[in-house]
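Architecture and fold: a report
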Amino acid sequence: MSVPPTGPPTESAVAATLRAAGCVFAEDEARLILATARTPDDASAMVERRAAGLPLEHVLGWAEFCGLRIAVDPGVFVPRRRTEFLVREAKALAPPRPVVVDLCCGSGALGVALVAGLDEFALHSADIEPAAVRCARRNVAPFGGQVYEGDLFGPLPDALRGRVDILLVNVPYVPTGDLRLMPAEARDHEPRIALDGGADGLDVLRRVTAEASQWLVPGGHLLFETSERQAPAAVAAAERGGLTAAVSVSAEFHVTVVIAAKPV
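A brief structural summary. Note that the structure is a prediction, hence the values are computed from the model and not measured.

With that settled, consider the packing of helix H1 (residues 11-20) against helix H2 (residues 26-36). Taken N-terminus to C-terminus, the directions of H1 and H2 make an angle of 125°; their axes are 8 Å apart at the nearest point. The angle between H1 and H2 falls in the class oblique. At the point where H1 passes H2, the crossing takes the right-handed sense. Seen from H1, the contacting residues are Glu11, Val14, Ala15, Leu18 and Arg19; seen from H2, they are Ala26, Glu27, Glu29, Ala30, Arg31, Ile33 and Leu34.

Turning our eyes to something else, we now look at the packing of aromatic side chains. For the structure shown, the criterion picks out 2 aromatic pairs. Between Phe153 and Trp215, the ring centres sit 5.5 Å apart and the planes meet at 10°, which makes this aromatic pair stacked. With Phe153 in the loop between strand E5 (146-149) and strand E6 (164-169) and Trp215 in helix H9 (residues 203-215), this residue pair connects regions lying 62 residues apart in the sequence. Judged by relative accessible area, Phe153 falls into the buried class, the value being 4%. The buried category is assigned to Trp215, whose relative accessible area is 2%. The positively charged end of Arg69 is found above the aromatic ring belonging to Trp62, 3.7 Å away from the centroid.

Our focus in this paragraph is the packing of H1 against helix H3 (residues 40-51). Any two packed helices are characterised by the angle at which their axes cross and by the distance between the axes. The interhelical angle for the contact between H1 and H3, taken along N-to-C directions, is 20°, at an axis separation of 9 Å. One element, H1, and the other, H3, form an angle in the roughly parallel class. Handedness of the crossing formed by H1 with H3: right-handed. Across the interface between the two elements, Val14, Thr17 and Leu18 from H1 touch Val47, Arg50 and Ala51 from H3. For the contact of H1 with H3, the class distribution of residues is 4 nonpolar, 1 polar and 1 charged.

How each quantity is defined
- The residue numbers shown here count from 1 along each chain, following its written sequence.
- Local features in a predicted model are, by the rule used here, given only for residues with pLDDT of at least 70; side-chain atom pairs are given and counted only at 80 or more, and totals for whole chains, interfaces and linings are based on all residues.
- Note that water and hydrogens are dropped before the side-chain values are worked out from all heavy atoms of the structure.
- Axes here refer to lines fitted to C-alpha atoms; in helices the fit is confined to the stretch in contact. Angles between the N-to-C directions go from 0 to 180 degrees.
- Put simply, DSSP H or I for four residues or longer makes a helix, DSSP E for two residues or longer makes a strand, and each gets a number counted from the N terminus.
- We call two directions roughly parallel when the angle between them is under 35 degrees, roughly antiparallel when it is over 145, roughly perpendicular when it lies between 65 and 115, and oblique otherwise.
- By definition, any crossing whose near helix is turned counterclockwise from its far helix by less than a right angle is left-handed, and any crossing with a clockwise turn is right-handed.
- In what follows, a contact means two residues having at least one pair of non-hydrogen atoms within 4.5 Å.
- Two rings belonging to Phe, Tyr or Trp (six-membered ring only in the last case) form a pair when the distance between their centres is within 6.5 Å. Interplanar angles under 30 degrees mark stacking, angles over 60 mark edge-to-face geometry, and anything in between is tilted.
- Note on exposure labels: buried denotes an accessible area under 20% of the residue type's maximum, exposed denotes more than 50%, and partly exposed covers the range between, all computed with a 1.4 Å probe on protein chains only.
- Counting as a charge over the ring demands two things of the Lys NZ or Arg CZ atom: a distance within 6 Å of the ring centre and an angle within 35 degrees of the ring normal.
- Residue type decides the class: Asp, Glu, Lys and Arg count as charged, Ala, Val, Leu, Ile, Met, Phe, Trp, Tyr, Cys and Pro as nonpolar, and the leftover types, Gly among them, as polar.

Dropping the structure here:
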């Protein structure tokens with residue numbers, strides 16, 4: 001990007017550079033970059049990284065999610081705005097003083113968004129990716145929650161068995177063969193383990209539903225996102241795990257969520 005010799009990058013110059021690089025929302029991104037940058041040199045470097053194809057959230061160092069600013073480090077899965085619908089559904093189901101577990105937590109956005117505004121809760125998050133765990137700890141720590149590193153339920157304290165009210169799982173559900181169809185921002189800059197759901201996209205989900213009932217309280221809920229095409233198989237997996245399951249679809253967010261409950 002050419003920087004005017006008389007001063008820092010202007011919004012119009014930044015937008016022009018981003019537009020030339022193929023950014024659809026160049027003007028909006030220009031405003032966010034200039035508002036986030038600490039110095040003109042910082043702004044120029046951020047524009048160069050964005051123009052090179054890095055996700056905007058990795059360039060900014062944060063993502064907006066459910067009205068919160070969530071720290072997002074390079075190499076960490078970026079929380080999707082569509083997943084706000086899952087959090088909305090979970091909020092409607094959460095009892096007073098809920099015990100919340102956020103698996104495959106990435107940046108920790110889902111768990112944090114669910115408990116934000118609550119007076120009493122217990123929040124536990126986990127991810128297998130060390131970079132995600134480091135990032136999640138920055139987001140979860142202000143809420144007094146704990147973040148564990150490991151595979152699914154493996155690192156959780158055994159004392160949580162049978163005590164979880166809300167289990168959020170941002171499970172990877174893209175079929176391996178479809179990864180090449182994903183936008184380059186996700187395919188090239190987010191961890192494959194956060195995207196790849198195996199041959200039919202449900203490998204990780206089946207592992208979650210097989211064990212979820214052991215961790216939920218009677219009447220507790222498991223919520224996860226899936227595709228419309230995968231929803232029947234996802235519901236069947238939850239039911240094989242001893243849960244009752246229903247599908248909730250949002251036309252506003254263009255997302256399908258499965259809500260499974262442990263029978264009372």
